[in-house]
Amino acid sequence: MEVIILFSVFLILLVVGMPIAFALGMASLSYLLLEGISLTIVPQRMFAGIDTFVLLCIPGFVLAGNLMNVGNITEHIVRFSNALLGHIRGGLGLANVAGSMIFGGISGTAVADSASIGSVMIPGMARSGYDKPFAAAVTAASSTVGPIIPPSVPMIIAGSLSGISVGRMFLAGAIPGLLMGVAMMVTVYILAVRRGYPKEQRVPFMQLLREAKTAFWALLMTVIILYGIIGGFFTPTEASIVACLYALVVGMYVYKGLSWKKLPAILSDTVLTSSALLLMVGLANLFGWILTSEQIPQMIATLILSISDNPLIVLLILNLILLFVGAFMETIAALIILFPALVGVATGVGVDPVHFAVIAVLNLMIGLTTPPVGVCLFVVAGIGKLPMLTVARAIVPFLLCNLAVLLLVTYVPAISLWLPNLLMGE
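Residues numbered from 1 in each chain as written. Predicted model: local features only at pLDDT ≥ 70, side-chain atom pairs only at ≥ 80, totals over all residues. Heavy atoms only, no water.

Visitor: How should I be thinking about the overall build of the protein chain in this particular structure?
Guide: The number of helices and strands found in the protein chain is 21 helices and zero strands. For 426 residues, the compact-globule estimate of 2.2 N^0.38 gives 22 Å, and the C-alpha radius of gyration of the protein chain, at 21 Å, lies within 12% of that figure. Considered along the principal axes of its C-alpha atoms, the protein chain spans approximately 70 × 50 × 45 Å. Partitioning the contacts of the protein chain with sequence separation of at least 6, the portion at a separation of at least 24 is 78%. Summed over its atoms, the accessible surface of the protein chain is roughly 17,600 Å², and 70% of this surface lies on carbon and sulfur atoms. Both charge centroids of the protein chain, one from 17 positive and one from 15 negative side chains, sit 22 Å from each other. (Helix = DSSP H or I, 4+ residues; strand = E, 2+ residues; numbered from the N terminus. Rg over C-alpha atoms; globule rule 2.2 N^0.38 Å. Contact = heavy atoms within 4.5 Å. Areas by Shrake-Rupley, 256 points an atom, 1.4 Å probe, with all protein chains shown as cover. Lys, Arg positive; Asp, Glu negative; His and termini not counted. Charge placed at Lys NZ, Arg CZ, Asp CG, Glu CD.)

Visitor: Would you mind showing me how to read helix α4 (residues 57–70) here?
Guide: Count 3.6 residues to each turn of an α-helix, and residues three or four apart come out pointing the same way. Its 14 residues place the ends of α4 20 Å apart at the C-alpha level, agreeing with the 20 Å of an ideal helix rising 1.5 Å per residue. Among the 14 residues of α4, eleven are classified as buried, and the element is accordingly described as predominantly covered. Inspection of α4 places C57, I58, G60, F61, V62, L63, A64, G65, N66, L67 and M68 among the buried residues, and these make up the whole buried set. Note on α4: the residue one or two positions beyond its end, N72, has a positive phi of about 70 degrees. (Expected span 1.5 Å × (residues − 1). Buried < 20%, exposed > 50% of the residue type's maximum accessible area, 1.4 Å probe, protein only.)

Visitor: What am I meant to see in the nonpolar core here?
Guide: Looking at soluble globular proteins, one finds that nonpolar side chains tend to be buried together. If you look at the biggest cluster of nonpolar residues, it comprises 143 residues, and the most contacted ones within it are L24, F134, F339, F356 and F398. Here the element with the most residues in this core is helix α16 (residues 331–348); it accounts for twelve residues. Apart from the residues within four sequence positions on either side, L24 is in contact with F10, M280, L283, A284, F287, A333 and I337. (Core = buried A, V, L, I, M, F, W, Y, C linked by side-chain atoms within 4.5 Å.)

Visitor: Looking at this structure, I do not really get the confidence of the model for the protein chain. What am I missing?
Guide: Detail in the predicted coordinates should be disregarded across regions flagged by low pLDDT. Taken residue by residue, the protein chain gives an average pLDDT of 82. The fraction at 70 or more is 95%. Taken element by element, the protein chain is modelled with least confidence in helix α7 (residues 110–127), mean pLDDT 73, and with most confidence in helix α20 (residues 396–411), mean pLDDT 93. (pLDDT = per-residue confidence, 0-100.)

Visitor: Can you walk me through helix α10 (residues 166–195) in this structure?
Guide: With 30 residues, α10 should cover 44 Å at 1.5 Å per step; its first-to-last C-alpha distance of 42 Å lies within 8% of that length. In this structure S165 caps α10, since a side-chain oxygen of it lies 3.4 Å from the backbone nitrogen of G167. Remark: G196 follows α10 within two positions and exhibits a positive phi of approximately 70 degrees. (Polar contact = N/O pair within 3.5 Å; in protein donor to acceptor, adjacent residues only side chain to side chain.)

Visitor: Looking at this structure, I do not really get the environment of D309. What am I missing?
Guide: In this fold, D309 is placed in the loop between α14 (296–307) and α15 (311–326). By relative accessible area, which is 58% here, D309 ends up exposed. Apart from the residues within four sequence positions on either side, D309 is in contact with V314 and V349.

Visitor: How should I be thinking about the packing of α14 against α15 in this particular structure?
Guide: When two helices pack together, their arrangement is given by the angle between the helix axes and the distance between those axes. Viewed as axis vectors pointing N to C, α14 and α15 meet at an angle of 135 degrees, and their least axial separation amounts to 9 Å. For the element pair α14 / α15, the angle class is oblique. Both α14 and α15 take part in a crossing whose hand is right-handed. Together, I304, L305 and I307 of α14 and V314, I317, L318 and I321 of α15 make up the contact between the two elements. Along the lines of polarity and charge, the residues of the contact of α14 with α15 split into seven nonpolar, no polar and no charged. (Axes fitted to C-alpha atoms, helices over the stretch in contact; angles between N-to-C directions. Parallel < 35°, antiparallel > 145°, perpendicular 65-115°, else oblique. Left-handed = near helix turned anticlockwise from the far one by under 90°. Nonpolar A, V, L, I, M, F, W, Y, C, P; charged D, E, K, R; others polar.)

Visitor: Please clarify how the packing of α15 against α16 should be interpreted in this entry.
Guide: Between α15 and α16, whose axes approach to 11 Å, the crossing angle comes to 175 degrees. Comparing the axis directions of α15 and α16 gives the class roughly antiparallel. Packed against α15, whose contacting residues are V314, L318, I321, L322 and V325, the element α16 presents A334, L338, L342, V345 and A346 at the interface. Its residues assigned to classes, the contact of α15 with α16 shows ten nonpolar, no polar and no charged.

Visitor: What should I look at first to understand a nonpolar patch on the surface in this one?
Guide: Together, L312, I313, L316, L320, L407, L408, Y411 and V412 line one region of the surface with nonpolar side chains, adding up to about 670 Å² of accessible area. Among the secondary structure elements, those contributing two or more residues to the nonpolar patch are α15 and α20. For the nonpolar patch, the leading source of residues is α15, giving four residues. Position of L408 relative to the elements: it lies in helix α20. (Patch = residues over 30% accessible without salt bridge, like charges linked within 9 Å, V, L, I, M, F, W, Y side chains within 5 Å. Salt bridge = Lys/Arg side-chain N within 4 Å of Asp/Glu carboxyl O.)

Visitor: Where do I start with the environment of L323 in this structure?
Guide: Relative to the helices and strands, L323 is located in helix α15. Note on L323: relative accessible area 22%, which makes it partly exposed. What L323 contacts, discounting residues up to four positions off in sequence, is N363, I366, L403 and L406.

Visitor: Quick question: what am I supposed to make of the packing of aromatic side chains here?
Guide: For any pair of aromatic rings, geometry is given as the distance between the ring centres together with the angle between the planes. Using the criterion set out here, one finds eight aromatic pairs in the structure. Arranged with centres 6.0 Å apart and planes meeting at 85 degrees, the rings of F7 and F287 form a pair that is edge-to-face. Here the residue F7 occupies a position in helix α1 (residues 2–15), and F287 occupies one in helix α13 (residues 263–293), the gap between them amounting to 280 residues. What makes F287 buried here is its relative accessible area of 1%. (Phe/Tyr/Trp six-rings, centres within 6.5 Å; stacked < 30°, edge-to-face > 60°.)

Visitor: Which parts of the structure should I look at to understand the side chain of N285?
Guide: Within the secondary structure, N285 is located in helix α13. With relative accessibility at 17%, the residue N285 sits in the buried group.

Visitor: For this particular structure, what's the right way to read the environment of V182?
Guide: With respect to the helices, strands and loops of the structure, V182 is situated in helix α10. Its relative accessible area of 46% is what places V182 among the partly exposed residues. For V182 and L272, which are 90 residues apart along the polypeptide, the C-alpha to C-alpha distance reads 34 Å.

Put into structure tokens, the structure is as follows:
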């Protein structure tokens, strides 16, 4: 009975629009009061949820993303992408995807990507003759590549929950992320040709070189982060701090968009964003502890395995569960609540845990662009001043494209596992 009330309160609060962190907290509180459990468990479980060294990556990469935005690094990434691809039919859409792949490979968050790239590309694409819903849809869809290409905040969370190597997960996401980006570029090109979207004049070779030279410092950040982790020079947490220092120096002394006066506002925004994420992690951990005490994960595992123990069927079921949950729940909360249970089911039928981690994150990223609670859809709809339903309709081709990539990544494990096995051993 208490479990039914737990889920009922949670779903009702979500429907009425309460932030998911508070919905998790209120639902958990109602359960504890009904069960007569001491409320001292609340701070204990919340602290246990965030008392993990690897979670320090989150404020680090959030700060790096904010420094990039204010320091004009994002603008140079977009300009280089446009100079490289703008002469192709639908070139601004292709540049949008390429910019998201580069930016996401530094910030590790989809929402930051859709907000920063979207603020530049959506108005720019609309002025150049693209339909605004198409521009918004491309921005939202391509932003989901960010947390697949390393670094990735959701993968950091998954690693902290399961003990899976974050470094291996970062490498495992590289090829699926690139594949996802290329698939979206193909989709953009096909739609651009069918709809007659414009193409820019080809940039002279010397200008392309100048743009490449200017963007070099932004691109180098991704190389430093990945090489540092792979080479064992620093942990993912230390990598996030290196990214912050690098973004500060480049933004202040190379691109000169940063100044000491802007730092207090940047740090304040980082604190607000990071504290909101970590509050969600803490409250989701409390919610997850309740589910574990009621043996809900074991029930889910038993139910799935009662249907089939064939790995192909089990993976299909897990994909459907994650896609459904991702359409309604924020990524971090969904990972904390579901990942420990589902990774146990996956490994129980012989699926590599690193492979499943990539599958889970990819599913939940697709959820960020799926109604009714697609956060990235709301972000780009706000930037483009468009109705949410209009953007949701425009994103359908990209959802289908990403689902195709998801199936490929799910049933061809080598796409995820080849790179980490090559560079870090099996």
